[in-house]
Amino acid sequence: MLAQSRRLPAPTGSGTGLDRTGDGGSRSKGRVSWWTYDGPLMVVFTGGATSSAPDLVLPVRLPQGAGRLPYLVHYLADPTRWHKIDLVRRADPGVRGGWRYEAHLMILGAGYACPRARERRAHAAGLERRGGMDGNVSNLAVVSAPATWPEPAATEPGGLTAKGRGPDGPTMGRTARTSDSAKPATSVEPRGVTGTRLRLTDTERAAAARARAKAKGRKKALDRSRRAANPTRYQPSPRQAERARRRAERGLPAKTISLPGGPRQASAGGIPRQAYRTDTLSRGYRKVRARLSAEAAGQSEARRARAAHLAANIVATHGAHLVVEDCDISTWHRLWGRACAAFTPGMLITALARECAAAGGALLRASTTHTAMSQHCLCGARVAKSLADRVHTCPACGLSGDRDLVSAALASCVTLADPADPQTARVDYQRARALTTVFPQGLQEALTESTVISPAPTPPVGTGQTAAFSEPCRPRRYRTGTASARRSSGMGDTPTPDETTTASSGRGPRRTDVITNRTIPIRDGS
């Protein structure tokens, strides 16, 4: 089914030699009916039963690659579910002519889900957990806890009471230790409260910086090409104007400015005198523009795939019932556009909503009018914080933790009278206080750092961050096929021959061998 030649042959017996109606009448005598056609897969566009124009018959190349057969069987095996076919043309600078033609088939049914995804969603649907999320410009925090748990004993081992207090006061700032033999029979699972914090890794930041630099260079090339093709529609730059003035004062002939660097020729109101759509565009301009557009589309597709991957992991860990603050992310983009474009919080939340719905749950939105989760503690006390304050410290109960994780823990305790109305959201502080008594150790760990192991490589030790998604660094390629030597030999504790020796060292001039990394004294005649 997937064995197709590089160049598909022209369809045989197409055009007027095929019967469009299949009724076998006088008009269709001697013609083959499309309804009985059983050859290779093709897309046929006809003008109708009464049209005399020939049919447009296009051979279809099926998607190639490993794992594509289940997709094709899901969509093509049952013709009764076929609804319509759209012929789509999209720009692709990698093909001849710059356009790629695709046939998009729409079916009356659900999309394809691989067996692993169905198993993962079934597992997430069986998790009896309630989770909360706190998303901002550069990170996403998720905290979840069991929906129900056994009532804690009056006095727990290790000196903890039912209120989560020991002899020395609150235990939220320390670790409660209990031996395995002393645990009560009705104890909850060790990972009762779990937290996940997603941030961009250093690799992702470097990749985003490279992409921005590359796009900036291509945009500059587009601007230069447009100016060179339409020099009369732009003003000269101040430097070019000053040079023309000096030449005129000296009586020299004026030079033609082939690439003006000034603004567009415009009226007093700032409106361009000639519309941009009337500009002359070179062939190179069109190629660079198509290449830039294709790369931007590829980056968007990569971000969507990353969001779907992260959403699947979060729902599989925290369950399919999540609550997030109802925020206007478009405002974030106006204030912090570059950070939002790199982390894409809106795309992540949309992917989480889609994954929760596929797993049988829902992602509910809670209004900040009556909740103000970033300004409250789990005990119910109000703790005012500015955007610069990233650590939550409650003076009432002593709870300390990451600001975003504390807000996510409060979001897991939100209840809505009407799930479709975010204004009906209220924080259940009785459940929030119960989290501090039932899961003292696990809650403190979840509010301090991420407690879920991410499949991506971990960031440097001590940062307390969880890698959201890692893109392997592309090896640098050289035209000669060989890699250059290291340009940095590291830090040396002794001066090089070009440096002077301080009087306090008392060891004489020395140098560092960049090959063996050893310190060698400098002798006369060396």
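It should be noted that the structure appears before, not after, this text.
Calculation criteria
- Residues numbered from 1 in each chain as written.
- Predicted model: local features only at pLDDT ≥ 70, side-chain atom pairs only at ≥ 80, totals over all residues.
- Heavy atoms only, no water.
- Buried < 20%, exposed > 50% of the residue type's maximum accessible area, 1.4 Å probe, protein only.
- Helix = DSSP H or I, 4+ residues; strand = E, 2+ residues; numbered from the N terminus.
- Core = buried A, V, L, I, M, F, W, Y, C linked by side-chain atoms within 4.5 Å.
- Contact = heavy atoms within 4.5 Å.
- 1 Å grid on protein atoms, 1.4 Å probe; cavity = no way out; pocket = protein on both sides within 12 Å on 5 of 7 lines; lining within 4 Å.
- Points joined across faces, edges and corners; volume = space filled by probe spheres on them.
- Nonpolar A, V, L, I, M, F, W, Y, C, P; charged D, E, K, R; others polar.
- Salt bridge = Lys/Arg side-chain N within 4 Å of Asp/Glu carboxyl O.
- Pairing = 2+ DSSP bridges.
- Axes fitted to C-alpha atoms, helices over the stretch in contact; angles between N-to-C directions.
- Parallel < 35°, antiparallel > 145°, perpendicular 65-115°, else oblique.
- Left-handed = near helix turned anticlockwise from the far one by under 90°.

This part takes up helix H10 (residues 429-438). Here H10 lies mainly inside the structure; 8 of its 10 residues are buried. Among the residues making up H10, those that are buried are Tyr 429, Arg 431, Ala 432, Ala 434, Leu 435, Thr 436, Thr 437 and Val 438.

All right, on to the nonpolar core then. The biggest cluster of nonpolar side chains holds 34 residues, and the ones touching the most others in it are Leu 378, Val 414 and Leu 447. Only strand E8 (139-146), helix H9 (403-411), strand E18 (414-416), strand E19 (425-427), H10 and helix H11 (440-448) provide two or more residues apiece to this core. For this core, the element with the most residues is H9, which contributes 6 residues. When neighbours within four sequence positions are excluded, Leu 378 is seen to be in contact with Leu 399, Ala 409, Leu 410, Tyr 429, Ala 432, Arg 433, Thr 436, Leu 443 and Leu 447.

Glancing now at the environment of Thr 448. The residue Thr 448 is located in helix H11 in this model. Once the C-alpha coordinates of Thr 448 and Leu 405 are considered, the two residues, 43 residues apart in sequence, prove to be 7.7 Å apart. Ignoring anything within four residues of it in the chain, the contact list for Thr 448 reads Arg 197 and Leu 405.

Empty space within the largest pocket amounts to approximately 2,100 Å³. Elements supplying a minimum of two residues to the lining of the largest pocket: strand E3 (42-45), strand E4 (56-59), helix H1 (69-76), strand E5 (82-91) and strand E6 (99-107). Among the elements that make up the lining of the largest pocket, the one with the highest residue count is E6 (7 residues).

A few words now on empty space enclosed by the protein. Applying the stated criterion across every chain yields a total of 1 cavity of 30 Å³ or more. Space inside the largest cavity adds up to approximately 60 Å³. Taken together, Met 133, Asp 134, Gly 135, Val 324, Glu 325, Cys 327, Ile 329, Trp 332, Ile 349 and Arg 365 make up the lining of the largest cavity. When contributions to the lining of the largest cavity are tallied by element, the ones reaching two or more residues are strand E7 (129-135), strand E14 (321-325) and helix H6 (329-335). Among the elements that take part in the lining of the largest cavity, E7 stands out by supplying 3 residues, more than any other. Its residues assigned to classes, the lining of the largest cavity comprises 6 nonpolar, 1 polar and 3 charged.

It is worth spelling out unusual backbone geometry at this point. Unlike most non-glycine residues, Thr 344 shows phi in positive territory, near 50°. In this structure Thr 344 comes out as buried when scored by relative accessible area, which is 8%. One non-glycine residue, Ala 372, adopts positive backbone phi at about 50°. When you line up the elements, Ala 372 lands in the loop between strand E15 (362-366) and strand E16 (391-393).

A separate point is the pattern of salt bridges. For the structure on display, the rule yields 19 salt bridges. Here the residues in one salt-bridge network are Arg 226, Arg 233, Arg 264 and Asp 279, joined through shared partners.

This part is about the sheet that holds E14. Taken in spatial order, the 5 strands make up an open sheet running E13-E8-E7-E14-E15, and their pairing is mixed. Two strands lie at the open edges of the sheet, namely strand E13 (194-199) and E15, each paired on one side alone. Along the sheet, successive strands turn relative to each other by an average axial angle of 20°, direction set aside. Looking at chain direction, E7 and E8 are connected through 7 bridges and run antiparallel. Along E8, the bridge assignment pairs Arg 129 with Pro 146. Sitting on the sheet, helix H8 (residues 345-358) touches E7, E8, E14 and E15, and the angle it makes with E15 is about 130°.

The next thing to look at is the environment of Tyr 429. Following the sequence through the fold, Tyr 429 ends up in helix H10. Each C-alpha atom of the pair Tyr 429 and Ala 381 lies 9.9 Å from the other, and the pair is 48 residues apart in sequence. The contact partners of Tyr 429, leaving out residues within four places of it in the chain, are Thr 371, His 376, Cys 377, Leu 378, Gly 380 and Leu 410.

A word on the environment of Gly 401. Relative to the helices and strands, Gly 401 resides in strand E17 (residues 400-402). You can call Gly 401 buried: its relative accessible area is 9%. Between the C-alpha atoms of Gly 401 and Leu 447, which are 46 residues apart in sequence, the distance is 4.9 Å. Once you skip the residues sitting within four places of it in the chain, Gly 401 turns out to touch Val 391, His 392, Val 406 and Leu 447.

Our next topic: the packing of helix H5 (residues 283-318) against H8. Running from N to C, H5 and H8 point in directions that differ by 50°, and their axes come no closer than 8 Å. Judged by the angle between their axes, H5 and H8 are oblique. Of the two possible hands of crossing, H5 and H8 adopt the one that is right-handed. Between H5 and H8, the contacting residues are Arg 303, Arg 304, Arg 306, Ala 307, Ala 308, Leu 310, Ala 311, Ala 312, Ile 314 and Val 315 on the first element and Met 347, Leu 348, Ala 351, Leu 352, Glu 355 and Cys 356 on the second.

It is worth stressing that arrangement in space is one thing and function is another; only the former is reported here.
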